[in-house]
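# Inside the fold
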Amino acid sequence: MKVLKFGGSSVANAANIEKVVNIVMQQPTTEKIAVVVSAMGGVTDSLLKIASFAATADETYKTLLEELEQKHLETVRVLLPIQQQSATLSLVKQQFNDLEGICDGVYLLKELSLRTQDKIVGYGELLSSQIVAAKLQSLGVQQLWVDSRHLIVTNSNHSNAGVDFFVTNERIVSWFKANEAKYYVIPGFIAANQAEHTTTLGRGGSDYTGAIYAAALDASVLEIWTDVSGMMTADPRLVSNAKPIERISYQEAMELSHFGAKIIYPPTIQPVMIKKIPVWIKNTFEPQAVGTVIENHAPNADGFIRGISSITSISLLSLEGSGMVGIPGFSKRLFESLANEQVNVILITQSSSEHSICVGINEADTLKAKRAVDAVFSYEIQTGKVDPLTVETNLAIVALVGEQMKSHPGVSGKMFGALGRNGINIRAIAQGSSEKNISAVIATKDVRKAINVLHEVFFETSYKQLNVFIAGAGNVGGKLVAQIKQQQQFLQDQLNLQVRVVGIANSKKALLADQGIELDQWQNLLAQAPASGIKDFVQQIREKNLRNSVFVDVTANEEVATVYEQLLEKSISVVACNKIACSSAYVNYQRLKSLAREYNSLFLFETNVGAGLPVIGTLNDLLRSGDQVNKIKAVLSGTLNYVFNHYDGTKPFAEIVRQAQAEGYTEPDPRLDLGGTDVMRKIMILAREAGQKMEMAQITNRYFLPESCFKGSVEDFYAEMTKQETHFRSLFEKASAEGAKLKFVATYENGKAEVGLEHIQPSSDFYHLYGKDNLVLFYTDRYPEQPLVIKGAGAGADVTASGVFADIIRVARI
């Protein structure tokens, strides 16, 4: 015997019932088939609504009843040949006549008991099962319709009746022995008490019916046909990359179902679990899909986690106080008070000091739970031995499930570490001694993020996803987007890393797309995006709460630099090309570094010095490995190096600067470069990274620009430089007379820093520095005479973008 149960979506209409019949007819001919069906999709809810309207003397029930009757009649007309419709149409009309009579009585009495409600809702399964039986009959199939009310005997707890298995099993076995057929069609959900009054089996009732028949008849398998292809490693509505679970144990399935997986309802599979009968979850609309087999012992999976599940709308109740320590009975009184109010406890955790105990319950039960607990412990609260019950709402539970966890150390650490790195705060944890489940209570707003983070950590052998938000759509920003687009496939293939640009903003607009922006069209899409400032952009980033998020600042904007703190506090890593934050007041620089450590994120700014050159990274490696930096000498401005390498007096100095700006080597205001401000910032950042507490005011700047050049607009600056051409030519000629070159050099030594124009002799490392190149010399304990040298292009959109990109990849590796 095989038992096949079909849910409401599987029999929702004539077309779906055709699919059901095809599945039934394709079963092996060697076994008898019992087909258990739910009411047609939505019918149970409609019947409850009809009953409710009737009980409140609202005549709307008559209209709804008529619509429901027409739905069933139309299904019969579509499903059966015309010449075979008559009997079934008459049966449906008769059932609705009976149903109307009951509802009329409810209307007149204005009273709806649970017993009457069971009678009304039970018609859904009676109708659907008889229509399915009629369809099989029309195909010439030998079938019998089975009335579950005659075989399944329950108590009188209407709407959630308990089954008398001894009597029920005896009746089922006896009836099936006496009634031979190839196919049996059975209404689910309904039963009857000893007085033969209709009862219903509660939530998951039709699955329960299937399990009852399967266990009584020692079926080879119970197949539950629904509208999904089995159980998944996570809710596919939350995790787009959720994977099917082909085989799972009863215990694992019940753990997943308890924590939110809606495929099965745990109590419904108890009868088959006792008999060790496998349950196979299949998809009516994709019958070729493997589905999920639930069995006594599932084979070991490739990973040791079977699935991830969650429950939302949770409240956490905390009872604590010094008066609880060492006193027996506190837990008993707590749980007894909750049980008396019919409050179901979902999760329990207690500190080993016995100072506190907390429980998770459904949010809907919060008020009555608090009243009950405070009343029970009123004396202890008044005397200060126990604090009033603390209630936290808007919480959820996420759970890892897998029988093999007990043989794998470090699962909890991996779970909590992944959540922590993504800024997800854990309010309570629980794990049973069987180690089949690890549960964590978190904020409801973090559920989607948490499930995706955990799924990535435990199931995504293919790739890790990184969600990138870019502020700045100018030259460097454009190059960065192009580089990401070019490397996306390579990173996924070679590093198992999926980099998605999910946000791009300029000074006026912000483009956001949770599934990733089409990088071929980003400029057009940004032009069409809604108006937005940086504060709105950051607020949206925080609200989206995507896992593995990184904010990239490729602007030179002071306002953008002020938002880093808000992002780091949400465990969103920051990659900054913008030097303003790291060169601001030392206390702010330290604050940002501290926040990154505190919230398990990264604050990276490699391109603040040397564009794409590994200057800051190398400095950090020296320090981390125990070296001591004694002196730094560097040419840190690609702009100034470009200008002085190209200026020989034959072209005006202003023209050379304008050319450098046109090629993207300068800041938007070139005075930041030529005035030495940019170099001051860079040497200060290096000094700070070397461990020196330094402010901009402490750096000596030997300016070479006349003071008049700093007045007015950028165009005024260029005009003034033209007027001062004699000054610039004089600087060049003095150096040339010594056989030297002009270089703008930054020096850090003995806790002091200075920047300024120097005459560089041919023997210097700086002499043969061409184009826009930078050069940094680190003199350390390990490199006292021959410094560690870093040299290369220190300006330009391409190399700067590549340095930013490298920092983004570093974020992915935490």
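Residues numbered from 1 in each chain as written. Predicted model: local features only at pLDDT ≥ 70, side-chain atom pairs only at ≥ 80, totals over all residues. Heavy atoms only, no water.

With that out of the way, let us pick up the overall build of the chain. What the chain contains, in helices and strands, is 29 helices and 29 strands. At 37 Å, the chain has a C-alpha radius of gyration far larger than the 28 Å of a compact globule built from 814 residues. The dimensions of the chain, computed from C-alpha atoms along their principal axes, are 120 × 70 × 55 Å. Looking at the chain as a whole, 53% of its 814 residues qualify as buried. For the chain, contacts bridging at least 24 residues in sequence account for 71% of all contacts bridging at least 6. When the accessible surface of the chain is totalled, it reaches about 34,700 Å², and 49% of it is carbon and sulfur. Of the side chains in the chain, 78 bear a positive and 86 a negative charge, and the two mean positions are spaced by 1 Å. (Helix = DSSP H or I, 4+ residues; strand = E, 2+ residues; numbered from the N terminus. Rg over C-alpha atoms; globule rule 2.2 N^0.38 Å. Buried < 20%, exposed > 50% of the residue type's maximum accessible area, 1.4 Å probe, protein only. Contact = heavy atoms within 4.5 Å. Areas by Shrake-Rupley, 256 points an atom, 1.4 Å probe, with all protein chains shown as cover. Lys, Arg positive; Asp, Glu negative; His and termini not counted. Charge placed at Lys NZ, Arg CZ, Asp CG, Glu CD.)

On to the sheet that holds strand E15 (residues 390-401). Strand order in the open sheet formed by six strands is E13-E14-E12-E15-E17-E16, with antiparallel pairing between adjacent strands. Every interior strand has two partners, whereas the edge strands, strand E13 (345-350) and strand E16 (428-431), have only one. Strand after strand, the sheet turns through a mean of 30° between neighbouring axes, direction not considered. As judged from the four bridges shared by E16 and strand E17 (residues 437-443), these two strands associate in the antiparallel manner. When the sheet's bridge partners are listed, Ala-428 is paired in E17 with Val-441. Against the sheet, helix H14 (residues 411-421) engages E15, E16 and E17, with an angle of about 15° to E17. Here helix H15 (residues 447-459) sits on the sheet in contact with strand E12 (307-320), E15 and E17, set at roughly 125° to E12. (Pairing = 2+ DSSP bridges. Axes fitted to C-alpha atoms, helices over the stretch in contact; angles between N-to-C directions.)

Moving on, we come to the sheet that holds strand E20 (residues 510-512). One open sheet holds the six strands; their spatial order is E20-E19-E18-E21-E22-E23, and the pairing between them is mixed. Edge positions in the open sheet fall to E20 and strand E23 (603-604), since each of these has one partner strand only. Inspection of the sheet shows strand E22 (residues 573-576) paired to E23 by two bridges, in the parallel sense. Each bridged residue has a counterpart across the sheet, and for Val-575 the counterpart in E23 is Leu-604.

Quick look at the nonpolar core now. In this structure, Phe-551, Tyr-564, Phe-603, Phe-653, Ile-683, Phe-704 and Met-721 are the most contacted members of the largest nonpolar core, which totals 82 residues. Per-element tally for this core: the top contributor is helix H26 (residues 677-689), with seven residues. Excluding its chain neighbours within four sequence positions, the residues that come into contact with Met-721 are Phe-653, Ala-654, Val-657, Leu-674, Cys-709 and Phe-728. Listed in part, the 50 residues of the second largest apolar core include Ala-14, Ala-39, Ala-54 and Ala-55. (Core = buried A, V, L, I, M, F, W, Y, C linked by side-chain atoms within 4.5 Å.)

Further remarks concern the state of the cysteines. A covalent bond between the sulfur atoms of two cysteines is referred to as a disulfide. Here the structure, examined in full by the defined rule, presents zero disulfides. With no disulfide of its own, Cys-582 lies 11 Å from the sulfur of Cys-577, the closest cysteine sulfur. You can call Cys-582 buried: its relative accessible area is 0%. (Disulfide = S-S within 2.5 Å.)

Moving on: the pairing of strand E26 (residues 741-749). In terms of residue burial, E26 counts as a mostly covered element, since seven of its nine residues are buried. Where E26 meets strand E27 (residues 752-760), nine bridges bridge the pair, whose relative direction is antiparallel. Note that in E27 the partner of Lys-741 across the bridge is Ile-760. As consecutive antiparallel partners, E26 and E27 are separated by two residues, and within that stretch Asn-750 has a phi angle of approximately 55°, a positive value.

An ideal rise of 1.5 Å per residue puts 20 Å on 14 residues; helix H7 (residues 165-178) measures up with 20 Å between its terminal C-alpha atoms. Within H7, the full set of buried residues consists of Val-167, Thr-168, Ile-172 and Phe-176. Looking down the long axis of H7, one finds its buried residues gathered within 145° of arc, a one-sided arrangement. Exposed residues lying more than 90 degrees from the buried face of H7 are Phe-166, Glu-170, Lys-177 and Ala-178. Against strand E4 (153-154), strand E5 (183-187) and helix H8 (205-216) lie the buried residues of H7. The opening residue of H7 is Asp-164, an N-cap whose side-chain oxygen sits 3.3 Å from the backbone nitrogen of Phe-166. (Expected span 1.5 Å × (residues − 1). Arc of directions from axis to C-beta. Polar contact = N/O pair within 3.5 Å; in protein donor to acceptor, adjacent residues only side chain to side chain.)

Considering only enclosed or pocket space, the second largest pocket measures out at about 870 Å³ in volume. What lines the second largest pocket is a set of 45 residues, and nearest its centre among them are Val-554, Thr-555, Ala-556, Glu-667 and Pro-668. Split into classes, the residues belonging to the lining of the second largest pocket amount to 17 nonpolar, 21 polar and seven charged. (1 Å grid on protein atoms, 1.4 Å probe; cavity = no way out; pocket = protein on both sides within 12 Å on 5 of 7 lines; lining within 4 Å. Points joined across faces, edges and corners; volume = space filled by probe spheres on them. Nonpolar A, V, L, I, M, F, W, Y, C, P; charged D, E, K, R; others polar.)

This structure, assessed with the given rule, holds 32 salt bridges. The closest approach of N and O atoms between Arg-149 and Asp-147, which form a salt bridge, is 2.9 Å. By relative accessible area, Arg-149 is classed as partly exposed at 24%. Close ionic contact of Arg-671 with Asp-669 constitutes a salt bridge, the shortest N to O distance being 3.1 Å. On the basis of relative accessibility, which here comes to 23%, the residue Asp-669 falls in the partly exposed class. (Salt bridge = Lys/Arg side-chain N within 4 Å of Asp/Glu carboxyl O.)

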